[in-house]
Amino acid sequence: ERIHGIGIADSADLGFAGVRQDVPDPESAPVLVDEFRRSALEPLFLVGGFADLREPLTAGQMADTTAAIANWMLLLGVWGAIEIGNEPDAANGCGAEQFGYIVCQCAERAWALHSAIPIVVGGITTTSAPGMDYLADALRTIVINVGWPEALKVGYHSYRTTQTPAWPHPPFRSRANESGAL
């Protein structure tokens with residue numbers, strides 16, 4: 001697929017190192033993973049983006065999609081990461097514990113195929129106090145169920161809507177404090 005006249009294979013020529021690719025279902029995985037086989041870009045495959053979490057896919061559907069991506073990554077020799085959820089803390093009705101269980105199910109399916117596939121705990125909306133609380137609660141659920149393998153990563157956004165990027169979210173006194181809390 002070409003986006004604004006630029007294909008995935010062409011993007012590395014523009015200085016991009018990676019691309020996040022939404023994968024809506026297991027049937028889409030072969031084609032979407034294959035796009036990266038001939039590319040210098042590192043993929044971050046997203047399962048259950050914000051829109052999907054507002055009208056939720058089941059945990060089973062997300063796990064099936066994750067397993068399909070992992071399978072096709074291995075079959076096609078494409079290496080990248082799989083992100084589970086995007087802004088789950090802003091999704092209607094997706095509590096932190098529920099999200100933690102979804103990540104566990106998805107991770108277990110991918111790691112059954114290859115234990116080093118990076119699984120990214122989806123991008124929490126901000127590093128504000130509520131975002132950090134949500135992340136801590138989700139991670140607690142994940143650690144209780146699957147531990148903290150090296151392949152588990154954390155994704156977050158540090159959006160600013162009323163302040164410059166250098167300004168910390170409340171209650172943090174500095175960006176260093178905010179980053180340290182992660």
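None of these values were measured; they are calculated from a predicted model.

1. Brief notes about the overall build of the chain
Of regular secondary structure, the chain possesses 7 helices and 7 strands. Taken from N to C terminus, the helices and strands of the chain fall in the order β-β-α-β-α-β-α-α-β-α-β-α-β-α. Counting only carbon and sulfur atoms, one obtains 54% of the accessible surface of the chain, whose full area is about 9300 Å².

2. Here we look at the state of the cysteines
Cysteine pairs can be covalently joined through their sulfur atoms, and such a bond is termed a disulfide. One pass over the structure, following the stated rule, counts 0 disulfides. Unpaired in this structure, Cys104 has its nearest cysteine sulfur neighbour in Cys106, at a distance of 9.4 Å. When its relative accessible area of 5% is taken as the criterion, Cys104 is described as buried. On the basis of relative accessible area, Cys106 is assigned to the buried category, the value being 0%.

3. Describing a nonpolar patch on the surface
On the surface, Val143, Trp148, Val154, Tyr156 and Leu182 cluster together into a nonpolar patch covering about 440 Å² of accessible area. Note that Tyr156 resides in strand 7 (residues 152-156).

4. Let's talk about the pairing of strand 6 (residues 119-124)
Side chains on a regular strand alternate between the two faces of the sheet. With 6 of 6 residues buried, strand 6 lies mostly within the body of the structure. In terms of strand pairing, strand 5 (residues 81-86) meets strand 6 through 4 bridges, oriented parallel. Among the inter-strand pairings, Ile84 is bridged to a residue of strand 6, identified as Val121. Inspection of the sheet shows strand 6 paired to strand 7 by 4 bridges, in the parallel sense. Within strand 7, the residue paired with Val120 across the bridge is Lys153. Note that the unit made of strand 6, helix 6 (residues 129-146) and strand 7 has a crossover that is right-handed.

5. A short note on the nonpolar core
Soluble globular proteins tend to pack their nonpolar side chains together in the buried interior. Judged by nonpolar contacts, the single largest core of 39 residues is most densely connected at Ile69, Ile82, Ile84, Phe99, Ile119 and Val121. Only helix 2 (29-34), strand 4 (42-47), helix 4 (59-76), strand 5, helix 5 (96-113), strand 6 and helix 6 provide two or more residues apiece to this core. At 9 residues, the largest contribution of residues to this core is made by helix 5. With sequence-adjacent residues up to four places away left out, Ile84 is seen in contact with Val47, Met62, Thr66, Phe99, Ile102, Val103, Cys106, Ile119, Val120, Val121 and Gly122.

6. Remarks on the packing of helix 4 against helix 5
Describing two packed helices takes the angle between their axes plus the distance from one axis to the other. Across the interface, helix 4 lies against helix 5 with an axial gap of 8 Å and an inter-helix angle of 25°. Classified by the angle their axes make, helix 4 and helix 5 are roughly parallel. Of the two possible hands of crossing, helix 4 and helix 5 adopt the one that is right-handed. Side by side, helix 4 and helix 5 meet where Ala59, Gly60, Met62, Ala63, Asp64, Thr66, Ala67, Ala70, Asn71 and Leu74 of the first sit next to Ile102, Gln105, Cys106, Arg109, Ala110 and Leu113 of the second. Looking at the contact of helix 4 with helix 5, its residues break down into 10 nonpolar, 4 polar and 2 charged.

7. Focus on the sheet that holds strand 6
One open sheet accounts for 5 strands, arranged 3-4-5-6-7; its pairing is parallel. The sheet terminates laterally at strand 3 (18-22) and strand 7, the two strands that pair on one side only. Strand after strand, the sheet turns through a mean of 25° between neighbouring axes, direction not considered. On the sheet, helix 4 packs against strand 4, strand 5 and strand 6 and is oriented at approximately 160° with respect to strand 5. Packed on one face of the sheet, helix 5 meets strand 5, strand 6 and strand 7 and runs near 155° to strand 6.

8. Quick notes on the packing of helix 5 against helix 6
As a packed pair, helix 5 and helix 6 sit with axes 8 Å apart at the nearest point and diverge in direction by 45°. Between helix 5 and helix 6, the crossing angle belongs to the class labelled oblique. Crossing angle aside, the handedness with which helix 5 passes helix 6 is right-handed. Listed contacts from helix 6 to Ala96, Glu97, Phe99, Gly100, Tyr101, Val103, Cys104, Glu108 and Trp111 of helix 5 are Tyr134, Asp137, Ala138, Thr141, Ile142, Asn145 and Val146. In the contact of helix 5 with helix 6, the residues fall into 10 nonpolar, 3 polar and 3 charged.

How each quantity is defined
Residues numbered from 1 in each chain as written. Predicted model: local features only at pLDDT ≥ 70, side-chain atom pairs only at ≥ 80, totals over all residues. Heavy atoms only, no water. Helix = DSSP H or I, 4+ residues; strand = E, 2+ residues; numbered from the N terminus. Areas by Shrake-Rupley, 256 points an atom, 1.4 Å probe, with all protein chains shown as cover. Disulfide = S-S within 2.5 Å. Buried < 20%, exposed > 50% of the residue type's maximum accessible area, 1.4 Å probe, protein only. Patch = residues over 30% accessible without salt bridge, like charges linked within 9 Å, V, L, I, M, F, W, Y side chains within 5 Å. Salt bridge = Lys/Arg side-chain N within 4 Å of Asp/Glu carboxyl O. Pairing = 2+ DSSP bridges. Right-handed = clockwise from strand over helix to strand, strands pointing away. Core = buried A, V, L, I, M, F, W, Y, C linked by side-chain atoms within 4.5 Å. Contact = heavy atoms within 4.5 Å. Axes fitted to C-alpha atoms, helices over the stretch in contact; angles between N-to-C directions. Parallel < 35°, antiparallel > 145°, perpendicular 65-115°, else oblique. Left-handed = near helix turned anticlockwise from the far one by under 90°. Nonpolar A, V, L, I, M, F, W, Y, C, P; charged D, E, K, R; others polar.

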